[in-house]
Amino acid sequence: MVYEEQDTSRSPVAHSTPAPPPSPDAAENANRPKERGLGFVRELAETILLTLVIFLAVRALVVNFRVEGDSMRPNLDNGQYLLVNKAVYFHFDLNAIRNLIPGQHHEGKDIVYLFHPPERGDIIVLNPPVRTDKPYIKRVIALPGETVAIHDGKVFVDGKPLNEPYIADPPRYVFPGPFDGGGVYTVPANMVFVLGDNRNNSSDSHIFGPVALDAVIGKAFFAYWPPHEAGLVPHERYNRVGP
């Protein structure tokens, strides 16, 4: 009998065992750095967006203003930087809103203020009714419907002198002058009469007339530069007008 010799040189067929799937914990740990990165980017974007929104909101309500000239001495100096509140005089024409309703028609303006209109003694920043690309800063002296006269070194509102310890010097001019008809000047509706505290060195309402309320930019409220002059802007409060 012939026996076939078995070939023992051949290695047996190897059967590979599949690797176990990664555990859920390992997959979660692998994704954590990516999630942290995305979370950081998202938080950074949200912070930047929020900062931008706050910045734009503040800029819409508060602006800075540089005093130019000596018209408000001795209370404000040339080169001083101020913050101006634009929101305090926010107003709208109620008649314009009423006229949006079909069949409604209201003549004139019915101005409504969210807080309050400019008050006597307020130091305001305004666009003057003259050719200039720069706002002015002045003090409100008379309100709509009031009369103004300046003579004998005093300002008279509705016939009574203002007590003004804050001015640099008494005014040396007369208003209204002889070419303006003399007597007294009545401030028109929706306008204010403004003067500089440095009465004899100020271009103001005694020269260019009253200022429209719509031309008022805002109320100066804080001086922040230079540091040694930092503080609240000195508004004046009267008991109506002087005796």
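In this text the structure is predicted, and so the values were computed from the model without any measurement.

1. Comments concerning the confidence of the model for the protein chain
Then comes step 1: Here the protein chain averages 83 in pLDDT, while 77% of its residues score no lower than 70.
Then comes step 2: Here residues 1-6 is a poorly scored stretch, pLDDT under 50, and it has 0 contacts once near neighbours within four places are set aside; other chains count.

2. Section: the pairing of strand β6 (residues 136-142)
Then comes step 1: In terms of burial, β6 is largely enclosed, as 6 of its 7 residues are buried.
Then comes step 2: Note that β6 and strand β11 (residues 191-195) share 3 bridges and pair antiparallel. Bridge pairing links arginine 139 to leucine 195 in β11.

3. Brief notes about the nonpolar core
Then comes step 1: Residues Ile141, Val148, Ile150, Val155, Leu162, Phe193 and Leu195 are the most contacted members of the largest nonpolar core, which totals 15 residues.
Then comes step 2: Taken together, the elements giving at least two residues each to this core come down to β6, β7 (147-151), β8 (154-157) and β11.
Then comes step 3: Each residue touching leucine 195, except ones within four places of it in the same chain, is listed here: Met72, Lys138, Arg139, Ile141, Ile150, Val155, Tyr173, Asp204 and His206.
Then comes step 4: Counting 14 residues, the second-largest nonpolar core is a separate cluster that includes Val88, Val140, Val192 and Val216.

4. Points about the side chain of arginine 139
Then comes step 1: For arginine 139, the location among the structural elements is in strand β6.
Then comes step 2: Of the residues examined, arginine 139 reaches a relative accessible area of 0% and is grouped as buried.
Then comes step 3: Within polar-contact distance, the side chain of arginine 139 engages the backbone oxygen of glycine 121 at 3.0 Å.

5. Focus: the sheet that holds β7
Backbone-to-backbone hydrogen bonds pair the strands of a sheet. The strands run either parallel or antiparallel.
Then comes step 1: Spatial ordering of the open sheet is given by β9-β8-β7-β10, a layout of 4 strands whose pairing is antiparallel. Sheet topology places β9 (160-161) and β10 (185-186) at the edges, where each strand pairs with a single neighbour.
Then comes step 2: Bridge analysis of β8 against β9 gives 2 bridges, and the strand direction is antiparallel. Bridging across to β9, phenylalanine 156 finds its partner in proline 161.

6. What about the pattern of salt bridges?
Then comes step 1: For the structure on display, the rule yields 10 salt bridges.
Then comes step 2: As a salt-bridge pair, glutamate 68 and arginine 66 come within 3.9 Å of each other at their nearest N and O atoms.
Then comes step 3: Salt bridges here are not isolated pairs; linked through shared partners, they connect Glu119, Asp122, Lys219 and Arg237.

7. Let's talk about a nonpolar patch on the surface
Then comes step 1: A cluster of nonpolar side chains, Phe90, Phe92, Ile97, Leu100, Leu114 and Phe115, forms an exposed patch at the surface whose accessible area comes to about 640 Å².
Then comes step 2: Mapped onto the fold, phenylalanine 92 is located in strand β3 (residues 91-93).
Then comes step 3: According to the relative accessible area criterion, phenylalanine 92 is partly exposed, its value standing at 30%.

8. A look at the side chain of glutamine 80
Then comes step 1: With respect to the secondary-structure elements, glutamine 80 resides in the loop between β1 (62-66) and β2 (81-85).
Then comes step 2: For glutamine 80, a relative accessible area of 3% gives the class buried.
Then comes step 3: Here aspartate 77 takes part through its backbone nitrogen, which lies 2.8 Å from a polar atom of the side chain of glutamine 80.

9. Considering the environment of lysine 138
Then comes step 1: Tracing the sequence through the fold places lysine 138 in strand β6.
Then comes step 2: With a relative accessible area of 3%, lysine 138 lands in the buried category.
Then comes step 3: Measuring from C-alpha to C-alpha, the distance between lysine 138 and asparagine 198 comes to 9.8 Å, with 60 residues separating the pair along the chain.
Then comes step 4: Setting aside chain neighbours within four positions, we find lysine 138 in contact with Ser71, Met72, Asp122, Ile123, Ile124, Leu126, Val194, Leu195, Gly196, Ser202, Ser203 and Asp204.
Then comes step 5: Here the side chain of lysine 138 touches serine 202 through a polar contact of 3.0 Å, side chain to side chain.

10. Concerning the packing of aromatic side chains
Then comes step 1: Per the counting criterion, the structure on display carries 5 aromatic pairs.
Then comes step 2: The interplanar angle of 45 degrees and the centroid separation of 6.0 Å between the aromatic rings of tyrosine 81 and tyrosine 224 together place this pair among those described as tilted. Taken as a pair, tyrosine 81 in strand β2 and tyrosine 224 in strand β13 (residues 216-225) lie far apart in primary sequence, 143 residues in all.
Then comes step 3: Taking the centre distance of 6.1 Å and the plane angle of 50 degrees together, the rings of tyrosine 136 and phenylalanine 208 count as tilted.

What counts and what doesn't
- Residues numbered from 1 in each chain as written.
- Predicted model: local features only at pLDDT ≥ 70, side-chain atom pairs only at ≥ 80, totals over all residues.
- Heavy atoms only, no water.
- pLDDT = per-residue confidence, 0-100.
- Contact = heavy atoms within 4.5 Å.
- Buried < 20%, exposed > 50% of the residue type's maximum accessible area, 1.4 Å probe, protein only.
- Helix = DSSP H or I, 4+ residues; strand = E, 2+ residues; numbered from the N terminus.
- Pairing = 2+ DSSP bridges.
- Core = buried A, V, L, I, M, F, W, Y, C linked by side-chain atoms within 4.5 Å.
- Polar contact = N/O pair within 3.5 Å; in protein donor to acceptor, adjacent residues only side chain to side chain.
- Salt bridge = Lys/Arg side-chain N within 4 Å of Asp/Glu carboxyl O.
- Patch = residues over 30% accessible without salt bridge, like charges linked within 9 Å, V, L, I, M, F, W, Y side chains within 5 Å.
- Areas by Shrake-Rupley, 256 points an atom, 1.4 Å probe, with all protein chains shown as cover.
- Phe/Tyr/Trp six-rings, centres within 6.5 Å; stacked < 30°, edge-to-face > 60°.

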